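Fold and contact review
Residues per chain, in single letters:
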Amino acid sequence: MSSTPSLPKFIVWAPDYTDEGALQRRLAVRPTHLENIKKLVSQGTLRLGGGFMTPESVDAAAADKKFLGSCIIYEGENIDVVRKLVEDDVYYKTDVWDKEKLVILPIALATVLPPVPS
């Protein structure tokens, strides 16, 4: 699915849980999470995303980076479609993302998104 200007965009702010085992849960399912993301990117559904980290993580070695959550831009027919995509994510299902603090909102982008890979 290619990007269609008329298809709404939604931003997802998905902070991680902050309990002692949260980072371990994230790292345990990260390969599955990344593999699933590749499919959504190739479909044009997930347009941009990444993990947000502590400020100290900018210069840290890869093994010492501390993730705090995820920020994602999805393209979908409506907010319910995007909510389903979020709830199907392994980070949601395995209690990496804090379900009580997760936010999904429509976004009016002021810049262009990267093209959908072909």
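Before reading on, note that the structure itself is shown above.
Here is what the cut-offs are and how they apply
Residues numbered from 1 in each chain as written. Predicted model: local features only at pLDDT ≥ 70, side-chain atom pairs only at ≥ 80, totals over all residues. Heavy atoms only, no water. Helix = DSSP H or I, 4+ residues; strand = E, 2+ residues; numbered from the N terminus. Expected span 1.5 Å × (residues − 1). Bend = angle between axes of the 7 residues up to and from the residue. Pairing = 2+ DSSP bridges. Axes fitted to C-alpha atoms, helices over the stretch in contact; angles between N-to-C directions. Salt bridge = Lys/Arg side-chain N within 4 Å of Asp/Glu carboxyl O. Buried < 20%, exposed > 50% of the residue type's maximum accessible area, 1.4 Å probe, protein only. Patch = residues over 30% accessible without salt bridge, like charges linked within 9 Å, V, L, I, M, F, W, Y side chains within 5 Å. Areas by Shrake-Rupley, 256 points an atom, 1.4 Å probe, with all protein chains shown as cover. Contact = heavy atoms within 4.5 Å.

Focus on helix H1 (residues 22-43)
- Here H1 spans 29 Å end to end across 22 residues, near enough to the 32 Å set by a 1.5 Å rise per residue.
- The sharpest bend along H1 reaches about 55° and sits at Arg-30, with the proline Pro-31 one to four residues further on.
- Positive backbone phi, approximately 85°, marks Gly-44, located one or two places after H1.

Brief notes about the sheet that holds strand S2 (residues 46-53)
- Spatial ordering of the open sheet is given by S2-S3-S1-S4, a layout of 4 strands whose pairing is antiparallel. A single partner strand is all that each edge strand has here, and the edge strands are S2 and strand S4 (103-106). Strand-to-strand twist in this sheet, taken as the mean axis angle between neighbours without regard to direction, amounts to 15°.
- In this structure, S2 lies alongside strand S3 (residues 67-75), joined through 7 bridges in antiparallel fashion. For Gly-50, the partnering residue across the bridge sits in S3 and is Cys-71.

Re the pattern of salt bridges
- One pass over the full model with this rule turns up 8 salt bridges.
- As a salt-bridge pair, Asp-88 and Lys-84 come within 2.9 Å of each other at their nearest N and O atoms. With Asp-88 and Lys-84 both in helix H2 (residues 79-88) and 4 residues apart, this pair spans about one turn of that helix.
- Overall, the relative accessible area of 37% leaves Asp-88 in the partly exposed class.
- Connected via shared salt-bridge partners are Lys-9, Arg-47 and Glu-75.

Some details on a nonpolar patch on the surface
- Among the surface-exposed residues, Trp-13, Val-103 and Leu-105 lie close enough to one another that they form a single nonpolar patch of about 270 Å² accessible area.
- Within the secondary structure, Leu-105 is located in strand S4.

Overview of the environment of Val-96
- Within the fold, Val-96 resides in the loop between helix H3 (90-93) and S4.
- In this structure, the C-alpha to C-alpha distance between Val-96 and Arg-26, residues 70 residues apart in sequence, is 5.6 Å.
- The residues touching Val-96, leaving out its near neighbours within four places in the chain, are Pro-15, Asp-16, Tyr-17, Arg-25, Arg-26, Val-29 and Tyr-91.

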